[in-house]
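Residues per chain are reported as follows:
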Amino acid sequence: MTSKRRVVVTGIGIISPVGNDLATNWENIKDGVSGIGLITRFDTTDFSTKIAGEVKNFSHAGLIDDKDARRMDIFIRYGMVAGIQAIEDAGLESSSIDKDRVGLIIGSGIGGLTSIEETRDTFNEKGVRRISPFFITGTIINMISGQLSIKYGYTGVNYGIVSACATANHSIGDAMRYIEYGDCDVMIAGGAESAVCALGVGGFVACRALSTRNDDPTTASRPWDKDRDGFVLGEGAAVLVLEEYEHAKKRGAKIYAELAGYGATADANHITAPTVDGPSKCMKLALKNAGLNVSDVEYINAHGTSTPVGDLNESNALKATFMDHAKNLVISSTKSMTGHLLGAASAVEAVYTIMALKEGILPPTINIFNQDPECDLNYNANVATEKKINIALSNSFGFGGTNSSLVFKKI
């Protein structure tokens with residue numbers, strides 16, 4: 001049997017509530033800067049939750065034609081810009097590469113909800129004749145991959161994944177497989193989301209998932225804190241360029257880290273109630289795929305949403321997986337700063353995990369004022385830790401009981 005090919009990260013693009021490029025994101029994450037504030041997109045008078053992690057000062061200027069941009073939901077624009085950043089960062093267009101062997105998998109948990117909401121309003125007010133002919137193509141989830149494929153002429157595999165809050169990890173993990181087994185040499189993968197609209201916030205309010213700490217937005221997301229009261233909705237996108245190791249070396253690409261392992265499982269229990277077993281098996285599968293032991297892991301960027309049930313469940317899953325080694329782990333939830341980006345969350349968190357490996361700085365979990373005694377691991381409370389590490393894991397779990405874990409390795 002032919003051995004699997006090694007997969008490395010050679011490009012990064014990111015748009016988030018804490019910055020619209022990699023450098024700004026990483027500086028703010030290291031410094032524990034919150035991107036959460038009062039919602040500006042719509043009138044929240046009748047909403048119990050009035051806060052979110054909105055992207056600020058976003059511009060597609062010079063990257064997407066204005067006419068084309070008007071035909072795209074904002075989540076597609078976020079994904080396109082992050083994808084363009086990643087492709088430029090990797091230097092793909094200045095290299096001689098076989099475009100038939102470049103593929104794209106960029107997903108979203110919800111997709112074009114803002115445009116769906118706006119189009120429904122237009123339909124109600126003005127009738128069917130006023131629905132845009134670009135409504136469908138401007139809202140469907142595979143269109144980030146499609147638009148980037150068209151822009152650059154990449155003719156390898158091209159699709160989008162939807163798996164709730166695990167979407168981007170599944171996208172990156174599936175992309176890894178295409179390289180591992182020789183179907184592509186380069187994959188562009190990640191996730192994008194923009195559900196900060198009345199329907200999006202209203203839907204999560206209805207299922208009582210969101211924090212209502214409206215008087216203090218920057219401290220509302222409190223993973224593993226005893227007083228956590230729900231997650232804070234965020235938005236944005238992140239995209240990685242993944243590449244076969246020898247292919248990257250041959251063209252002289254800079255390499256951020258190796259993507260060494262991927263695991264995916266299902267709880268098979270309930271659409272919103274997690275189990276310990278599902279996430280634990282997922283992490284173990286990712287480590288098996290990487291050829292590593294639990295004792296090799298030094299840092300985990302956790303799912304850590306700031307929900308009472310979810311945070312406790314993940315803590316218990318970490319202890320079930322790592323056993324005695326769990327107490328040696330440094331764990332952080334960067335959602336304490338960005339909020340929860342749903343289908344884009346794990347791509348953004350993969351970026352921060354990669355940077356932690358590269359820079360030897362482990363992001364903090366901010367807003368731990370009163371750590372839950374039942375969540376008794378090291379969550380890197382409030383201040384970043386300088387520590388050189390070699391192996392890191394990034395977790396993401398979603399509605400429907402879907403779990404995904406990625407293992408990154410310093411190179």
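All values derive from a computational prediction rather than experimental measurement.

A. Representation of the layout of surface pockets. Roughly 690 Å³ of internal volume is contained in the largest pocket. Thr272, His303, Thr305, Thr307 and Phe399 are the residues nearest the centre of the largest pocket, which is lined by 36 residues in total. Where the lining of the largest pocket is concerned, the elements lending two or more residues are helix H10 (308–322), strand S13 (391–398) and strand S14 (402–409). Ranked by residues supplied to the lining of the largest pocket, first place goes to H10 with six residues. Put simply, the second largest pocket is a space of about 290 Å³.

B. Layout of the nonpolar core. Membership of the largest hydrophobic core comes to 48 residues, with the highest contact counts inside it found for Ile12, Ile172, Leu240, Leu242 and Val351. Top element by residues in this core is helix H12 (residues 345–359). It accounts for 10 residues. Filtering out sequence-adjacent residues up to four positions away, valine 351 remains in contact with Ile12, Ile14, Leu22, Ala238 and Leu240. One finds Leu92, Met143, Ala237 and Val241 within the second-largest nonpolar core, a separate group that totals 33 residues.

C. The arrangement of the packing of helix H1 (residues 22–30) against H12 in detail. Relative to each other, H1 and H12 sit at 75°, their axes nearing to 11 Å. Classified by the interaxial angle, the pair formed by H1 and H12 is roughly perpendicular. Contacts between H1 and H12 involve Leu22, Asn25, Trp26 and Ile29 from the former and Val351, Tyr352, Met355, Ala356 and Glu359 from the latter. In terms of residue class, the contact of H1 with H12 is built from seven nonpolar, one polar and one charged.

D. Representation of H12 in the model. An ideal rise of 1.5 Å per residue puts 21 Å on 15 residues; H12 measures up with 21 Å between its terminal C-alpha atoms. Among the 15 residues in H12, 13 count as buried, and that is most of the element. Of the residues trailing H12, glycine 360 is marked for its positive phi of about 70°.

E. Quick peek at the sheet that holds strand S8 (residues 257–266). Sheet architecture is open: 10 strands sit in the order S5-S4-S6-S7-S1-S8-S14-S13-S9-S10, paired in mixed fashion. The sheet is open, and its two edges are formed by strand S5 (158–159) and strand S10 (330–332), each paired on a single side. Note: strand S1 (residues 7–15) against S8, two bridges, orientation antiparallel. From the neighbouring strand, valine 8 faces S8, where its bridge partner is glutamate 258.

F. Just the pairing of strand S4 (residues 102–107), in detail. The buried fraction of S4 is high, at six of six residues. Across the two faces of S4 the burial is the same, with Val102, Leu104 and Ile106 and Gly103, Ile105 and Gly107 all buried. Both S4 and strand S6 (residues 186–193) contribute to a ladder of six bridges, which runs parallel. Each residue of the ladder has a partner; that of valine 102, found in S6, is valine 186. Sheet topology note: the S4/S5 ladder contains two bridges and is parallel. When the sheet's bridge partners are listed, isoleucine 105 is paired in S5 with tyrosine 159.

G. Quick peek at the environment of valine 9. Summarising the element assignment, valine 9 is placed in strand S1. The spacing of valine 9 and tyrosine 256 is 247 residues in sequence and 5.5 Å in space, taken between C-alpha atoms.

H. Here's a closer look at the environment of threonine 402. Along the chain, threonine 402 falls in strand S14. The exposure class of threonine 402 is buried, given its relative accessible area of 16%. Residues threonine 402 and alanine 164 lie 238 residues apart in sequence; the distance between their C-alpha atoms is 8.0 Å.

I. Spatial organisation of the state of the cysteines. Inspection of every chain in the model, using the stated rule, returns zero disulfides. Just so you know, cysteine 207 is unpaired, no disulfide at all, and the nearest cysteine sulfur is the one on cysteine 165, 10 Å from it.

J. Region of the structure containing the pattern of salt bridges. Scanning the entire structure with this criterion turns up 19 salt bridges. Of the charged contacts in the structure, one is a salt bridge between arginine 228 and aspartate 372, with a shortest N-O distance of 3.0 Å. Of this pair, arginine 228 sits in the loop between helix H7 (198–206) and strand S7 (236–244) while aspartate 372 sits in the loop between strand S11 (361–362) and strand S12 (385–386); the two residues are 144 residues apart in sequence, bridging distant segments of the chain. Across the salt bridge formed by lysine 335 and glutamate 349, the nearest N and O atoms sit 2.8 Å from each other. Of this pair, lysine 335 sits in helix H11 (residues 335–338) while glutamate 349 sits in helix H12, and the two are 14 residues apart along the sequence. Of the two residues, lysine 335 and glutamate 349, neither departs from the other in class, the shared state being buried. Beyond isolated ion pairs, a larger network of salt bridges with shared partners links Lys4, Arg177 and Glu180.

K. Molecular detail of the packing of aromatic side chains. The final tally for this structure, using the stated rule, is six aromatic pairs. On the numbers, 4.9 Å between centres and 90° between planes, the contact of phenylalanine 58 with tyrosine 78 is edge-to-face. Taken as a pair, phenylalanine 58 in the loop between strand S3 (51–52) and helix H2 (66–69) and tyrosine 78 in helix H3 (residues 74–90) lie far apart in primary sequence, 20 residues in all. Over the ring of tyrosine 245 we find arginine 6; its NZ or CZ atom is 4.2 Å from the centre of that ring. In this structure, lysine 151 is placed above the aromatic ring of tyrosine 152, and the distance from its NZ or CZ to the ring centre is 5.6 Å.

L. Fine view of unusual backbone geometry. In this model, asparagine 57 sits at a positive phi of 55°, which is unusual for a non-glycine residue. Tracing the chain through its elements places asparagine 57 in the loop between S3 and H2. Classification of asparagine 57 as exposed rests on a relative accessible area of 77%. Here the phi dihedral of leucine 342 falls at roughly 55°; this positive angle occurs in a residue that is not glycine. By the element assignment, leucine 342 lies in the loop between H11 and H12. Residue leucine 342 is classed as buried on the basis of its relative accessible area of 4%.

Rules used throughout
Residues numbered from 1 in each chain as written. Predicted model: local features only at pLDDT ≥ 70, side-chain atom pairs only at ≥ 80, totals over all residues. Heavy atoms only, no water. 1 Å grid on protein atoms, 1.4 Å probe; cavity = no way out; pocket = protein on both sides within 12 Å on 5 of 7 lines; lining within 4 Å. Points joined across faces, edges and corners; volume = space filled by probe spheres on them. Helix = DSSP H or I, 4+ residues; strand = E, 2+ residues; numbered from the N terminus. Core = buried A, V, L, I, M, F, W, Y, C linked by side-chain atoms within 4.5 Å. Buried < 20%, exposed > 50% of the residue type's maximum accessible area, 1.4 Å probe, protein only. Contact = heavy atoms within 4.5 Å. Axes fitted to C-alpha atoms, helices over the stretch in contact; angles between N-to-C directions. Parallel < 35°, antiparallel > 145°, perpendicular 65-115°, else oblique. Nonpolar A, V, L, I, M, F, W, Y, C, P; charged D, E, K, R; others polar. Expected span 1.5 Å × (residues − 1). Pairing = 2+ DSSP bridges. Disulfide = S-S within 2.5 Å. Salt bridge = Lys/Arg side-chain N within 4 Å of Asp/Glu carboxyl O. Phe/Tyr/Trp six-rings, centres within 6.5 Å; stacked < 30°, edge-to-face > 60°. Lys NZ or Arg CZ within 6 Å of the ring centre and 35° of its normal.

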